[in-house]
Amino acid sequence: MTKKRSAIAVALVVLFGISLAVKAGAQEASPANPYSGNFWTRSTLTGDWGGARNELAKNGVTFDLSLTQTYQGVTSGGKSSTWDYGGRGSLTTKFDTGKLGLWPGGFLTLEVEGNFGHGTSPNTGALIPVNTNQVFPAPGKSELDIPALNFVQFLSEYAGVVAGKIDTTGGDMNAFAHGKGDIQFMNTAFELNPALLVTVPYSTLGAGVILLPNKDPNAAIINLLVLSTVGQASTSGFDT
C-alpha cells in the first residue's frame, strides 16, 4: 500500500488576509484581572474560578472553553422536516513562555474540539451547510480531535515564525463574519469562503511568518504560510 504524496500549497495574504481582531472592550474587568467581575460584566461565563484563572493567566496559561448547542429543523421544502439536536465543544489552551519564566516571545497553542448529536444540514438539500458548528471537526461524525497544536516564536515586536498543526479557520477574523458557527452566523456561506474548504484543509501541518505591522496583534496580523493540502483534525499529518 503506497502512501499518498502530500502536495504543498503556498497560502499568502490573499488566503489568510489581514486579520482584524475585535476587542472585548468593556467586558473585561481590568487588564490585571480579565476574568473577574459579576455575571453580566465578566468576559467568561464561569468567571475567574476563585481567582485561580487570573493567576494562571498572569503566569502564562490561559483556557478558552466554548459549548454551542442547537436544535434545528427544516420548516419548508428540503429533503426532510426532521428536527435534530446537536452541538460542539472546544477547549483552547495557550502557554506564554515569557510569563512562564522560560524565554520571551514563545507561544504554544493546543486546541481540542468535538461534536455530538446530529446537524440538520443534510436535511436541507443545499450544498452549503446551514449549521457550520456541526461540521467541525468532521461532518456527520461525533468525535474528539485536535485541529491545532502549534508554536509561535516572535523574533521582534514586528515579526515571528510559526510551525505545527494549524487551524486555518481563524485566518480571517473580520468583524462581520468568521469562526465556526458559534459566535456569529451559522450558515457556512457567511462564515468563510466555501471554495477554500475544497482547496485548503481546515486543520493541517504548516509553517510560516507572522507580521505585526504596528506591533499590536489586536489591530492587524499578516500571515504568510506554507501548508500541506492533505490534513485532517483526526491525524497528525506526518504520515503523508
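K.L.:
Just checking my understanding: could you explain the packing of aromatic side chains for this structure?
P.N.:
Both the distance between ring centres and the angle between the ring planes are used here to describe each pair of aromatic rings. Taken as a whole and judged by the stated rule, the model has 8 aromatic pairs. Relative to Phe63, the ring of Trp49 lies with its centre 6.1 Å away and its plane at 40 degrees, an arrangement referred to as tilted. Residue Trp49 is found in the loop between strand S2 (18–19) and helix H2 (52–58), and its partner Phe63 is found in strand S3 (residues 61–73); the two are separated by 14 residues along the sequence. Relative accessible area serves as the criterion here: at 35%, Trp49 is assigned to the partly exposed category. Of the residues examined, Phe63 reaches a relative accessible area of 24% and is grouped as partly exposed. Relative to Phe154, the ring of Phe107 has its centre 6.1 Å away and its plane inclined at 85 degrees; by these criteria the two rings are edge-to-face.

K.L.:
What's the story with the pairing of strand S8 (residues 203–211) in this structure? I'm lost.
P.N.:
Looking along a regular strand, one sees side chains alternate from face to face of the sheet. Note: strand S7 (residues 159–167) against S8, 9 bridges, orientation antiparallel. The residue bridging Val161 from the neighbouring strand is Val209, located in S8. Here S8 pairs with strand S9 (residues 221–228) via 6 bridges, running antiparallel. Looking at the pairing, Gly208 lines up with Leu225 of S9.

K.L.:
Sorry, what's going on with the nonpolar core here?
P.N.:
With 9 residues, the main nonpolar core is built from Val152, Val162, Ile166, Val200, Ile210, Leu212, Ile221, Leu225 and Leu227. For this core, the secondary structure elements donating two or more residues are S7 and S9. The biggest single contributor to this core is S9, with 3 residues. Beyond its immediate sequence surroundings of up to four residues, Val162 is in contact with Asn150, Phe151, Val152, Gly206, Ala207, Gly208, Ile210 and Leu225.

K.L.:
Help me understand a nonpolar patch on the surface, please; the structure alone is not making it clear to me.
P.N.:
On the surface, Trp49, Leu56, Leu65 and Leu91 cluster together into a nonpolar patch covering about 330 Å² of accessible area. Within the secondary structure layout, Leu91 lies in strand S4 (residues 83–96).

K.L.:
Whenever I open this one, the layout of surface pockets confuses me. Can you help?
P.N.:
A probe as big as a water molecule, rolled over the atoms, marks out the empty space that is left. Here the second largest pocket defines a volume of roughly 390 Å³. When grouped by side-chain class, the residues that make up the lining of the second largest pocket number 12 nonpolar, 6 polar and 3 charged.

Basis of the calculations
Residues numbered from 1 in each chain as written. Predicted model: local features only at pLDDT ≥ 70, side-chain atom pairs only at ≥ 80, totals over all residues. Heavy atoms only, no water. Phe/Tyr/Trp six-rings, centres within 6.5 Å; stacked < 30°, edge-to-face > 60°. Helix = DSSP H or I, 4+ residues; strand = E, 2+ residues; numbered from the N terminus. Buried < 20%, exposed > 50% of the residue type's maximum accessible area, 1.4 Å probe, protein only. Pairing = 2+ DSSP bridges. Core = buried A, V, L, I, M, F, W, Y, C linked by side-chain atoms within 4.5 Å. Contact = heavy atoms within 4.5 Å. Patch = residues over 30% accessible without salt bridge, like charges linked within 9 Å, V, L, I, M, F, W, Y side chains within 5 Å. Areas by Shrake-Rupley, 256 points an atom, 1.4 Å probe, with all protein chains shown as cover. Salt bridge = Lys/Arg side-chain N within 4 Å of Asp/Glu carboxyl O. 1 Å grid on protein atoms, 1.4 Å probe; cavity = no way out; pocket = protein on both sides within 12 Å on 5 of 7 lines; lining within 4 Å. Points joined across faces, edges and corners; volume = space filled by probe spheres on them. Nonpolar A, V, L, I, M, F, W, Y, C, P; charged D, E, K, R; others polar.

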